[in-house]
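# Chains, contacts and geometry: an overview
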Amino acid sequence: MIKAVISGTGLFTPPAIIENDELVEAFNQYVELYNNEHAEEIARGELTALQPSSSAFIEKASGIKRRHVIDREGILDPKRMKPYIPERSNDEPSVQCDMAVAACKEALEQAGKTAADVDAVIVACSNMQRAYPAVAIEVQEALGINGFAYDMNVACSSATFGLQAAVNSVENGAARAVLVVSPEICSGHLNFRDRDSHFIFGDACTAILVEREENTQPGQGFEILGTKLKTQFSNNIRNNFGFLNRADDSGVGKADKLFIQQGRKVFKEVSPLVASTIQDHLASLNLEPDNLDRMWLHQANLNMNQLIARKVLGRDATEQEAPVILDEYANTSSAGSIIAFHKHKDDLKAGDLGVICSFGAGYSIGSVVVRHR
Ligand code: CO8
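About the criteria used
Residues numbered from 1 in each chain as written. Predicted model: local features only at pLDDT ≥ 70, side-chain atom pairs only at ≥ 80, totals over all residues. Heavy atoms only, no water. Near = heavy atom within 4 Å. Polar contact = N/O pair within 3.5 Å; in protein donor to acceptor, adjacent residues only side chain to side chain. Areas by Shrake-Rupley, 256 points an atom, 1.4 Å probe, with all protein chains shown as cover. Helix = DSSP H or I, 4+ residues; strand = E, 2+ residues; numbered from the N terminus. Nonpolar A, V, L, I, M, F, W, Y, C, P; charged D, E, K, R; others polar. Pairing = 2+ DSSP bridges. Axes fitted to C-alpha atoms, helices over the stretch in contact; angles between N-to-C directions. Contact = heavy atoms within 4.5 Å. Expected span 1.5 Å × (residues − 1). Buried < 20%, exposed > 50% of the residue type's maximum accessible area, 1.4 Å probe, protein only.

## Some thoughts on the site of the ligand
Surveying the vicinity of the ligand reveals 27 residues, the closest of which are Cys156, Arg195, Arg264, Asn301 and Ala361. In the environment of the ligand, a nitrogen atom lies 3.2 Å from a nitrogen or oxygen atom belonging to the backbone of Ser54. Gln261 is positioned such that a nitrogen or oxygen atom in its side chain is 2.9 Å from a nitrogen atom of the ligand. Calculation on the ligand without its partners gives an accessible area of 1200 Å², and the protein chains cover 75% of this total. Looking at the shell around the ligand, the elements with two or more residues in it are α3 (55-62) and α8 (263-284). Here the element with the most residues in the shell around the ligand is α8; it accounts for three residues. Its residues assigned to classes, the shell around the ligand comprises 12 nonpolar, 12 polar and three charged.

This is the structure we're talking about:
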């Protein structure tokens, strides 16, 4: 039987950074402009004055200190408050393709492989910059890969769901190796005018190479012991942006065409679901939570991750056991758990066990149990 392993990972981090203080300053300037502009309606009680944001709240509520973004100037302009990412001609690589190629090259290099060793590319992320042709096929072409490629979207769980698809393709013989790549430009769909969520997201791209064990070196990478996916419908994280928007002019430009969430409800409902999914997954593999050396969790909220780790382990996890990258990256949607894996896997020894676990809109949860070879 063919066995799949993760033989390499890559990460593209946009160089531009926005600190909490900078984001809050821009937001508060916007609030002042808005309140001044609407002073009369606010005085008459027809409009509610906007409240300022605060860095102290952001760090306490989420654990986020800063985020990397494709463009900071547009986001920090209080009269604009969205990134400025110029359109490119059809003859140029798309922005997501550029990010994906950079991350894939690092994953291939880490695995000691070239494009000639790969048969498939899955672009798995929350937002595709166009409907078609698939970004994955563009990435396949840019890397010079023969075979097949497709896009998929399961919001924050896209990478782990993509991992299961890659494992299936490798283990059923459809591909010798598959790249799963997650070019997340979350700043494109974040409402920087919304006090409750303007601080949540950042941009990054991860890549993972999944290959046949027999094509890798002994001791190289991580054996994939199993994948477990779970979904349960919820409107608590939603984005109504889509191709039908233009068919009803009344909805164009409304806040629901960007990311919106009921953060408290998400926190309360998703945390126990994630903990039980990991526990059930481990039990199905005849493993105990005590066997886990590392948990690379989705990076949305520090308090949420600490709660989930506590529920799984029955005690607080150390920072080494449940590494945090969201302080530097914020929530990068499906890239988050893979960034944690990429940055915090090299100290593990042969036989060490870990779980990569994503969770987010859908709701969707993806658990991937791996063992260092
Ligand atoms: N500054 C100061 N005060 C604030 C601010 C702010 N910016 N925002 C809210 N407050 C105030 C509120 O007004 C409230 O005040 P009061 O108590 O007087 O009413 C108080 O702070 C507390 O507000 P909340 O209850 O809303 O705050 P929480 O403690 O719940 O923290 C969080 C908010 C951080 C959003 C938290 O609920 C959270 O992180 N929850 C988890 C959410 C989560 O994990 N979501 C995952 C979604 S990601 C996903 O699936 C990907 C989707 C696709 C991505 C697409 C890219 C954009």
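## Focus: the sheet that holds strand β7 (residues 203-212)
Remark on secondary structure: sheet strands pair via backbone hydrogen bonds, oriented parallel or antiparallel. In spatial order, the strands read β5-β4-β6-β7-β1-β8-β13-β12-β11; together these nine strands make up an open sheet with mixed pairing. Whereas interior strands pair on both sides, the edge strands pair on one side only; in this sheet they are β5 (148-152) and β11 (294-297). Between one strand and the next, the sheet's axes are offset by a mean angle of 25°, whatever the strand orientation. Looking at chain direction, strand β4 (residues 120-124) and strand β6 (residues 177-185) are connected through four bridges and run parallel. Along β6, the bridge assignment pairs Ala120 with Val178. Docked against the sheet, helix α6 (residues 135-143) engages β4, β5 and β6, running at close to 140° with respect to β5.

## Section: helix α5 (residues 95-111)
Over its 17 residues, α5 extends 25 Å from the first C-alpha to the last, a length consistent with the 24 Å expected when each residue adds 1.5 Å. What α5 keeps buried is the set Val95, Gln96, Cys97, Met99, Ala100, Val101, Ala103, Cys104, Ala107, Leu108 and Ala111. As for α5, its buried residues are in contact with β1 (4-12), α6, β6 and β7. Following α5 by one or two positions, Gly112 has its phi on the positive side, about 70°.

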